[in-house]
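# Per-entry structural report
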Amino acid sequence: MLSLCRLALVANSQKLGARCLGSILPTPQPPDIVLANEPVLSYTKHSPERQELEKVLSEFSNSVQDIPIVIGDEEIRTDQVHYQVMPHNHAKKIAKYYHATPDLIKRAITVATKTQREWERVPLDTRMKIWLRAAELMREKYRQELNASTMLGQSKTVIQAEIDSAAELIDFFKIHSYFVKDALKYRPISPDASVTLNSMRYRGMDGFVAAVSPFNFTAIGGNLAYTPALMGNGVLWKPSDTAVLSNWTIFKICREAGVPPGVVNFVPAHGPDFGDTVTASPHLAGINFTGSVPTFNRLWTQVGKNIGVYRNYPKLVGECGGKNYHFVHPSADVDSVVAGTIRSAFEYNGQKCSACSRMYVPQSLWGEIRQGLIKERDRLKVGDVQDFSVFTSAVIDAAAFKRISGYIEYAKNSSHLEILGGGVCDDSVGYFVQPTIVQTKDPKDRIMTEEIFGPVLTIFVYEDRDLEETMKLVESSTPYALTGAIFAQDEQWARRALEEFKYTAGNFYVNDKSTGSVVGQQPFGGSRMSGTNDKAGGPHYALRWASPQSVKETFVPLREIDYEYMRG
Ligand code: NAD
């Protein structure tokens, strides 16, 4: 298209006797990318993937990997030494890592900010090719390292690791690149491209991006750091202390794929040291955060306090907590309610941000649903993730164990609450909390309104005649709006619920569980206190990390100052 424009403008400018410069903007040549999700492997007994994974699990569980801070090209080790342990066997160390001091964080800011200008000049097409190479390394060469480090370090079962640290991570790298390629098709209106050509180009942001990631999804760490990097940014990546090994694996893969030193700097640090230092820098261009509400609020407040310091208004993207619900209508299919709720509430120990933790059930279905939930809960095997028959494993660390067991203790002592199953906590070997089902008489009890982030499901049983009133509770009970699901066969009611519950969830499910979003299928994120709803895995996400520039090129020079109407 551009060359046609050029021909036309040459003709036009010759006619008008003007000098012709032609468009100086390069034409992007993005690589071919197929919009399809990475298939999830089965890991059945004797499958090649299972055999390979078992080998890596055995190797990783019998070693302590040494993980440096990496700033630019330099590997650094400080005297702030920490260890990552297996949550399901906390005597066992799997990684030794180091916290960066505030001075080192400042050094990383300088390196990322300087590198950004060089990196940004690497054409987007070339960057995309590196991302696709990284996705390929994740798919083949390093798949089982990603899975083993996630299984052992974050206590995920094989299926939970595979959908996270393999499939979702690969999808983020590939599908976000696809969406960027798609965005490049946009051309601003040029009424006569032979006279004036309008274009938009996506620059990296001036400064650096701080990526602060949570423990619960390896893929989220990769996305938070590397999607801004794809768009031409310089990044400081602060992984969670309890996900260092898997996050380090991603970092190494990306370096092997060709991401130059200094583009992403790997900076494990004490959270407040990191937050305080990055928010004090004039070069802060953005924060890409996923984690809890108090941490994000603190970062946002610090940015507000320092607003006069910055060269740019920092972009703040945060995905935070939830109090996700399943709402059951009297017309619901009981079996799917039971299966969906058990999976949503207890897979990965309720430590998915989308996990169901409150449920509303009509009295007319309660008998059947209660029986189904208790029966299925009693069958769940909890243990070491290297035992492939377990359904779930330990919670992430001592702090999580204390918080979750605190809620269970509270439930045991409350006259409003009854524990229907589970309720046993034991941290002698690993941080084990049995999947726990609680029934509440009070729909606004704190156990129904606060994020627990553990395997605790609370159910409020409503009288069928109180359906309308109960529906109102969904929105009024919590400050969150992350995920929610309705279960119903009554189409008319389902349509109404779709409207009534519109602002209760960023990801809404009809006759399906509230977890399990897939990149490119259900872009993810919530509003209210659940975050800024920027929808990772969707078409607009990567563009959040670009600073677009509009370029107008005029090929026919302006020679007149007066307008025609002025000449009478
Ligand atoms: P967290 O807030 O404790 O930690 C998140 C990250 O912030 C970690 O890397 C931590 O070290 C860092 N941090 C802590 N204090 C900091 C500070 N003052 N400045 C800068 N960084 C700081 O959260 P977590 O326990 O790792 O993750 C669980 C939370 O994440 C839950 O609330 C969950 O709902 C949420 N989450 C949300 C989504 C989503 O997409 N909405 C996805 C995953 C997790």
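Every chain is numbered on its own, with residues counted from 1 as its sequence reads. Under the rules for a predicted model, residues below a pLDDT of 70 receive no local features and side-chain atom pairs below 80 are neither given nor counted, while totals for whole chains, interfaces and linings still include all residues. Side-chain metrics in this entry use all non-hydrogen atoms of the structure; hydrogen atoms and water are not considered.

## What to know about a nonpolar patch on the surface
Within the patch definition used here, like charges are joined within 9 Å and nonpolar side chains (Val, Leu, Ile, Met, Phe, Trp, Tyr) within 5 Å, considering only residues with over 30% relative accessible area and no salt bridge. The protein chains shown are the only cover counted for residues, whose accessible areas, like all others here, come from Shrake-Rupley with a 1.4 Å probe. By salt bridge we mean one thing: a side-chain nitrogen of Lys or Arg within 4 Å of a carboxyl oxygen of Asp or Glu. On the surface, Val64, Val81 and Tyr83 cluster together into a nonpolar patch covering about 240 Å² of accessible area. In this structure, Tyr83 sits in strand β4 (residues 81-86). Throughout this description, buried means an accessible area under 20% of the type-specific maximum (1.4 Å probe, protein chains only), exposed means over 50%, and partly exposed covers the range between. We classify Tyr83 as partly exposed; its relative accessible area is 37%. The secondary structure listing takes helices from DSSP runs of H or I that are at least 4 residues long and strands from runs of E that are at least 2 residues long, numbered from the N terminus.

## Structural notes on the domain arrangement of the protein
Source of the domain bounds: an automatic or database domain assignment. Domain annotation for the protein reports domain 1 (7-25 + 555-566), domain 2 (48-185 + 203-320) and domain 3 (324-510). The C-alpha-based centres of domain 1 and domain 3 are spaced at 67 Å.

## So, the site of the ligand
The immediate surroundings of the ligand are formed by 27 residues, with Ser213, Ser292, Thr295, Cys320 and Glu451 found nearest. Separating a nitrogen atom of the ligand from a backbone N or O atom of Gly271 is a distance of 3.1 Å. Two N or O atoms count as a polar contact when they lie within 3.5 Å, although within protein this holds only if one can serve as hydrogen donor and the other as acceptor, and sequence-adjacent residues are included solely when both atoms are side-chain atoms. Contact distances for the ligand include 2.8 Å between an oxygen atom and a side-chain N or O atom of Thr295. Surface burial for the ligand is 87%, taken as the share of its 850 Å² of free accessible area covered by protein chains. Elements that contribute at least two residues to the shell around the ligand include exactly α9 (271-279), β10 (284-290) and α10 (293-305). We define proximity as follows: a residue is near a molecule or strand when any one of its heavy atoms falls within 4 Å of that partner.

## Structural notes on the packing of helix α7 (residues 218-230) against helix α8 (residues 244-257)
How two helices pack is summed up by the angle between their axes together with the distance between the axes. Their axes nearest at 9 Å, the elements α7 and α8 cross at an angle of 45°. As judged from the angle between their axes, α7 and α8 are oblique. Pair α7 / α8 crosses with right-handed handedness. Taking contact as the criterion, the partners of Thr218, Gly222 and Tyr226 in α7 are, on α8, Ser246, Asn247, Ile250, Phe251 and Cys254. Gly counts as polar in this scheme, as do all residues outside two lists: the nonpolar Ala, Val, Leu, Ile, Met, Phe, Trp, Tyr, Cys and Pro, and the charged Asp, Glu, Lys and Arg. Here the residues of the contact of α7 with α8 are counted per class, giving 4 nonpolar, 4 polar and no charged. Fitted lines through C-alpha atoms serve as axes, helices being fitted only where they are in contact, and the angles separating the N-to-C directions of these axes extend from 0 to 180 degrees. Roughly parallel here means an angle under 35 degrees, roughly antiparallel means over 145, roughly perpendicular means 65 to 115, and every remaining angle is called oblique. By definition, turning the near helix anticlockwise from the far helix through less than a right angle yields a left-handed crossing, and turning it clockwise yields a right-handed one. It only takes one pair of heavy atoms within 4.5 Å for two residues to be counted as in contact.

## Comments concerning the packing of aromatic side chains
Ring pairs are drawn from Phe, Tyr and Trp, using the six-membered ring of Trp, whenever the two centres fall within 6.5 Å, and their geometry is named by plane angle: stacked under 30 degrees, edge-to-face over 60, tilted for the rest. For the coordinates displayed, the defined rule picks out 20 aromatic pairs. Ring centres of Trp248 and Phe266 lie 5.5 Å apart, and the angle between their planes is 50°; on these two criteria the pair is classed as tilted. One end of the pair, Trp248, is in helix α8; the other, Phe266, is in strand β9 (residues 264-266), with 18 residues separating them in the sequence. Put simply, the rings of Trp119, Trp131, Phe173, Tyr226, Trp237, Trp248, Phe251 and Phe266 touch in pairs and so form one group of aromatic residues. Only when the NZ of Lys or the CZ of Arg is both within 6 Å of the ring centre and within 35 degrees of the ring normal is a charge said to sit over the ring. One residue, Lys93, lies across the ring of Tyr83, its end atom 4.2 Å from the ring centre.

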